[in-house]
Amino acid sequence: MAKVAFLDGPRGRLAYAFTPGDGPCIVFLSGYRSDMEGTKAVHLEPWAEARGRAFLRLDYSGHGQSGGVFEEGCIGDWAADAELVIRHVWQGPVVLVGSSMGGWIASILSQRLDVAGFVGIAAAPDFTEDGFWAGFTEDQRRRVMEEGGVALPSAYEDPYIVTRKLIEDGRENLVLRAPLPMGWPVRLLQGTEDEAVSRETALALLDHIDGADVRLTLVKGGDHRFSDPACLKLIETAISEVLA
C-alpha cells in the first residue's frame, strides 16, 4: 500500500496516499464520515498499480487521518480539501471515482479540474437538502437553524450532528438544480437495496448530467456499501471503460 503523506490545509493537515503511474490519475473520493481506508479505496489502489496507473485516495478534513473537526466541516470545505490534494500531487487529467458523498464532491470538482472520466458509486448529490432537510420534522429544522444543529442516529456508529453550516453550505453547492455538463465518459453504479441512497437519486443524477456517454447500472440486491466481490468487479469495469 502507498505510504500515507500529509499536506497542510486550511482546517488542519490533510492525509492522502498517492501511487505514481501513468495518467489519467484515478482519484477515489470517499463518503460522508467515511475515509480512505474503506474497502473500495483500498481494493482499487493495488488494482490501479498493477496496471501502471496513478492512483490517489485521501481524507477530507475531519475524516480519517486528516486533522480538523468533522462537525465544523461542510460540502464546500471538503470539496476544497480534495481539490487542494489533487492539485498538489497531480498535474493533468483525472478520473474521478466518487462513493456516496464522494459522488457529490466529484460532481463539484468535475467543473473545476481537467477530467477524463467520472464513476459514481451510490452517488449522493445534494443529500443535505434532498435527504436531511427534506426529511426533518419542523422541530428538527427549528433546532438546526436556531440551535445550530441536530443529532441523528447512525446505523453504523454513534449519533452524529447535522449542523446549520452543513445545510446552508450544501445549498450553495447543489448540482441537481441545473444541467451538469460532463463531456467525458460517465458510469453510475447503484444498488437496488441501498438504504442510504435511492435509485431515484441515481436517476436524477443520470438525467442532469449533460454528456454523450453516460450510463447507469442498477445492481439488484446491491446495498450502499457496494463492496462485495461482484460489486468491486463492476467498479473495476466501470473505471476501465471510462479510461478506454
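Calculation criteria
Residues numbered from 1 in each chain as written. Predicted model: local features only at pLDDT ≥ 70, side-chain atom pairs only at ≥ 80, totals over all residues. Heavy atoms only, no water. Axes fitted to C-alpha atoms, helices over the stretch in contact; angles between N-to-C directions. Helix = DSSP H or I, 4+ residues; strand = E, 2+ residues; numbered from the N terminus. Parallel < 35°, antiparallel > 145°, perpendicular 65-115°, else oblique. Contact = heavy atoms within 4.5 Å. Nonpolar A, V, L, I, M, F, W, Y, C, P; charged D, E, K, R; others polar. Expected span 1.5 Å × (residues − 1). Buried < 20%, exposed > 50% of the residue type's maximum accessible area, 1.4 Å probe, protein only. Core = buried A, V, L, I, M, F, W, Y, C linked by side-chain atoms within 4.5 Å. Pairing = 2+ DSSP bridges.

### Some remarks on the packing of helix α4 (residues 127-135) against helix α6 (residues 164-172)
And step 1. Where α4 meets α6, the closest approach of the two axes is 9 Å, and the angle between their N-to-C directions is 140°. Comparing their axes, α6 and α4 come out oblique. On α6, the residues touching T128, E129, F132 and W133 of α4 are L166, I167, G170 and R171.
And step 2. Partitioned by chemical class, the residues of the contact of α4 with α6 number 4 nonpolar, 2 polar and 2 charged.

### A closer look at helix α2 (residues 75-89)
And step 1. With 15 residues, α2 extends 22 Å from end C-alpha to end C-alpha; this agrees with the ideal 21 Å at 1.5 Å per step.
And step 2. Among the 15 residues in α2, 11 count as buried, and that is most of the element.
And step 3. What α2 keeps buried is the set I75, G76, D77, W78, A79, D81, A82, E83, V85, I86 and V89.

### Re the nonpolar core
And step 1. The biggest cluster of nonpolar side chains holds 55 residues, and the ones touching the most others in it are L29, Y32, L58, L96, I105, F132 and V162.
And step 2. Sort the elements by how many residues they give to this core and α2 lands first, with 7 residues.
And step 3. Setting aside residues up to four positions removed in sequence, L58 forms contacts with A15, Y16, V27, F28, L29, S30, M36, A82, V85 and I86.
And step 4. The next biggest cluster of nonpolar side chains, apart from the first, holds 20 residues, and it includes F28, V95, V97 and C231.

### Brief notes about the sheet that holds strand β2 (residues 12-19)
And step 1. With mixed pairing, the 8 strands of this open sheet are ordered in space as β1-β2-β4-β3-β5-β6-β10-β12. Both edges of this open sheet fall to β1 (4-9) and β12 (214-219), since each of them pairs with a single strand only. With strand direction ignored, the average angle separating the axes of adjacent strands in the sheet is 20°.
And step 2. Summarising the sheet, strand β5 (residues 94-99) and strand β6 (residues 115-121) pair through 6 bridges and their orientation is parallel. Within β6, the residue paired with S99 across the bridge is I121.
And step 3. Its contacts with the sheet place helix α1 (residues 39-50) against β2, β3 (22-29), β4 (53-58), β5 and β6, and it is angled at close to 160° to β4.

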